[in-house]
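Observations on the model geometry
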Amino acid sequence: MDIIETIKEQIANNTVLLYMKGSPNAPQCGFSARASQAVMGCGEKFAYVDILQNPEIRANLPKYANWPTFPQLWVAGELVGGSDIMLEMFEKGDLQTLIKEAAAKAKASEA
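An account of the accompanying structure is given in this report. (Residues numbered from 1 in each chain as written. Predicted model: local features only at pLDDT ≥ 70, side-chain atom pairs only at ≥ 80, totals over all residues. Heavy atoms only, no water.)

Right, let's get into the overall build of the protein chain. Regarding its fold elements, the protein chain presents five helices and six strands. When the helices and strands of the protein chain are listed from N to C terminus, the series reads α-β-β-β-α-β-α-β-β-α-α. Taking 111 residues into account, the globule formula puts the C-alpha radius of gyration at 13 Å, and the protein chain, at 13 Å, falls close to it. With the principal axes as the frame, the protein chain shows a C-alpha extent of 35 × 30 × 25 Å. The burial tally for the protein chain puts 41% of its 111 residues in the buried class. (Helix = DSSP H or I, 4+ residues; strand = E, 2+ residues; numbered from the N terminus. Rg over C-alpha atoms; globule rule 2.2 N^0.38 Å. Buried < 20%, exposed > 50% of the residue type's maximum accessible area, 1.4 Å probe, protein only.)

Written as structure tokens, this is what we have:
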């Protein structure tokens, strides 16, 4: 499968998806650590992709997303942004609302 198709599929199949360096329990950079803490703080399940283990995704996602850096948070198929945006939204309560609403919609559509 073409790497762009793989990325599209990951985004489509996961309501909340964090592309990061490392894993939420073992982040490999400060930005990924802060981003994963913010997403975990929203209290919903989320998927993640360790871009250090996936060099093709690391190389191609910035072109696909038109966003040059990692981490990247995708919610309901839309790019939310990077670490600074996530933290700002979390502090205002917007990230929690966005993620909880997306998770509720996903659960409703599965039922």
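Next comes the rest of the account.
Once that is clear, we can look at the pattern of salt bridges. Tallied over the full model, the rule gives four salt bridges. Lys107 is the salt-bridge partner of Glu44, the closest N and O atoms lying 3.3 Å from each other. Placement of Glu44 in the loop between helix H2 (30-40) and strand E4 (47-50) and of Lys107 in helix H5 (residues 94-110) is noted, with a sequence separation of 63 residues between them. Residue Lys92 pairs with Glu88 through a salt bridge whose shortest N-O separation is 3.7 Å. Of this pair, Lys92 and Glu88 both sit in helix H4 (residues 83-92), four residues apart, which is roughly one turn of that helix. Counted as one network, the salt bridges with shared partners bring together Glu44, Lys100 and Lys107. (Salt bridge = Lys/Arg side-chain N within 4 Å of Asp/Glu carboxyl O.)

Attention now moves to the sheet that holds strand E1 (residues 16-20). With mixed pairing, the four strands of this open sheet are ordered in space as E4-E1-E5-E6. Either end of the sheet is taken by a strand with one partner, and the two such strands are E4 and strand E6 (78-81). Direction aside, neighbouring strands of the sheet carry axes that sit 25° apart on average. The sheet contact formed by E1 and strand E5 (residues 72-75) spans four bridges and is antiparallel. Its bridge partner lying in E5, Val16 is registered against Val75. Contacts from helix H1 (residues 3-13) reach E1, E4 and E5 within the one sheet, and its direction differs from that of E1 by about 135°. (Pairing = 2+ DSSP bridges. Axes fitted to C-alpha atoms, helices over the stretch in contact; angles between N-to-C directions. Contact = heavy atoms within 4.5 Å.)

Here we come to helix H3 (residues 55-65). Of the positions making up H3, those classed as buried are Ile57, Asn60, Leu61, Pro62 and Ala65. Looking at the buried residues of H3, the elements they touch are H1, E1, E4, E5 and E6. Remark: Asn66 follows H3 within two positions and exhibits a positive phi of approximately 60°.

Looking now at the packing of H2 against H4. Packing of H2 against H4 brings their axes to within 9 Å, and their N-to-C directions diverge by 35°. Read as a crossing pair, H2 and H4 show a hand that is left-handed. Contacts from Phe31, Arg34, Ala35, Ala38 and Val39 in H2 reach Ser83, Met86, Leu87 and Phe90 in H4. Classifying every residue of the contact of H2 with H4 gives seven nonpolar, one polar and one charged. (Left-handed = near helix turned anticlockwise from the far one by under 90°. Nonpolar A, V, L, I, M, F, W, Y, C, P; charged D, E, K, R; others polar.)

Keep in mind these values describe shape, not function.
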